[in-house]
Amino acid sequence: MKKKSTTLLLLAFTILLSTFASTYVNASAVDAKTASSSADIQVDQVRHTIKIQECALVVINDTLKLSPKAGENAVFLQNFSLGFPFQYGFDLDYCFAYKASNPDTWLDVGLDTGLGRLGFYGVNVVFPEPGVNIGEGESYSLTVIFVFSNLVSSE
């Protein structure tokens, strides 16, 4: 009987996690503050992984590539915001970010920031002074790690 309930719990959690992952990927909100209000960036998701650690921690690792949209010569970024469905914000234990090419140097991350859209919990990654200048044909890759607890229960 215990094996059957464990299997059902694992199946239910897999369905929940799959729903969360697809919602997170398809509905994540992004925003970037630039030196020019008319500048626009393109966001390409290079890697998105979800891991379940011991003690039922859920770790989401997103590596994003930022580049100027077609027609933009260069973009100067001061910060970058992204988010996930609001209901998961209560379970966020911590979040950190770093330039993908240098995991030892963390970037400042502000939690619970507004994204200008209802229903999303936002985090704001702040680039070191003076900011990041991305020229035409160039890109900037960063990794954002979210660690959640209380998403998995054995009840």
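What counts, and at which threshold
Residues numbered from 1 in each chain as written. Predicted model: local features only at pLDDT ≥ 70, side-chain atom pairs only at ≥ 80, totals over all residues. Heavy atoms only, no water. Helix = DSSP H or I, 4+ residues; strand = E, 2+ residues; numbered from the N terminus. Buried < 20%, exposed > 50% of the residue type's maximum accessible area, 1.4 Å probe, protein only. Areas by Shrake-Rupley, 256 points an atom, 1.4 Å probe, with all protein chains shown as cover. Phe/Tyr/Trp six-rings, centres within 6.5 Å; stacked < 30°, edge-to-face > 60°. Polar contact = N/O pair within 3.5 Å; in protein donor to acceptor, adjacent residues only side chain to side chain. Core = buried A, V, L, I, M, F, W, Y, C linked by side-chain atoms within 4.5 Å. Contact = heavy atoms within 4.5 Å. Pairing = 2+ DSSP bridges. pLDDT = per-residue confidence, 0-100.

Draft legend 1. Highlighting the overall build of the protein chain. What the protein chain contains, in helices and strands, is one helix and nine strands. Counting from the amino terminus, helix and strand elements in the protein chain follow one another as α-β-β-β-β-β-β-β-β-β. A total of 155 residues make up the protein chain; the buried ones form 37% of that total. With an accessible surface of roughly 9,200 Å², the protein chain has 53% of that area assigned to carbon and sulfur atoms.

Draft legend 2. Highlighting the packing of aromatic side chains. Inspection of every chain in the model, using the stated rule, returns nine aromatic pairs. Where Phe84 meets Phe148, the ring centres are 5.3 Å apart and the plane angle is 80°; that geometry is what we call edge-to-face. Taken together, the residues span a long stretch of sequence, with Phe84 in strand β4 (residues 74–85) and Phe148 in strand β9 (residues 140–148) at a distance of 64 residues. Accessibility classification places Phe84 together with Phe148 in one group, the buried group. Between Phe127 and Tyr140, the aromatic rings sit 5.2 Å apart at their centres with planes inclined by 80°, giving edge-to-face as the arrangement. Taken together, the residues span a long stretch of sequence, with Phe127 in the loop between β7 (120–126) and β8 (132–135) and Tyr140 in strand β9 at a distance of 13 residues. Here the two residues Phe127 and Tyr140 agree in accessibility, since each one is buried. Every member of this aromatic cluster is reached through a ring pair, and the members are Phe84, Tyr121, Phe146 and Phe148.

Draft legend 3. Molecular detail of the environment of Asn79. When you line up the elements, Asn79 lands in strand β4. In the structure, Asn79 is positioned 48 residues away from Phe127 in sequence and 5.4 Å away in space, judged by C-alpha atoms. Only 2.9 Å separates the side chain of Asn79 from the side chain of Asn124, close enough to count as a polar contact.

Draft legend 4. Representation of the nonpolar core. Counting 27 residues, the largest nonpolar core has Leu66, Phe127, Phe146 and Phe148 as the members making the most contacts within it. Only β3 (58–68), β4, β5 (92–99), β7, β8 and β9 provide two or more residues apiece to this core. By size, the runner-up hydrophobic cluster in this structure holds five residues, among which are Val59, Tyr98, Ile145 and Val147.

Draft legend 5. Fine view of the side chain of Thr143. The topology assignment puts Thr143 in strand β9. With a relative accessible area of 2%, Thr143 lands in the buried category. Here Thr63 takes part through its side chain, which lies 3.0 Å from a polar atom of the side chain of Thr143. Excluding residues that lie within four positions of it along the chain, Thr143 makes contacts with Arg47, Asn61, Asp62, Thr63, Phe96, Ala97, Tyr98 and Ala100.

Draft legend 6. A look at the environment of Asn102. Assignment of secondary structure puts Asn102 in the loop between β5 and β6 (106–113). Taking C-alpha positions, Asn102 is 9.1 Å from Leu142, a pair spaced 40 residues apart along the chain.

Draft legend 7. Seen up close, the pairing of strand β2 (residues 41–52). Bridge count between β2 and β3: 11 bridges; the pairing is antiparallel. What sits directly across from Gln45, in β3, is Leu64. Once β2 ends, the chain turns through five residues before running back antiparallel as β3, passing Cys55 with a positive phi of about 65°.

Draft legend 8. Expanded view of the confidence of the model for the protein chain. Looking at the protein chain as a whole, its pLDDT mean stands at 79, while 74% of the residues score no less than 70. Predicted confidence for residues 33–39 stays below pLDDT 50, and this span has 13 contacts to residues more than four positions away or in other chains.

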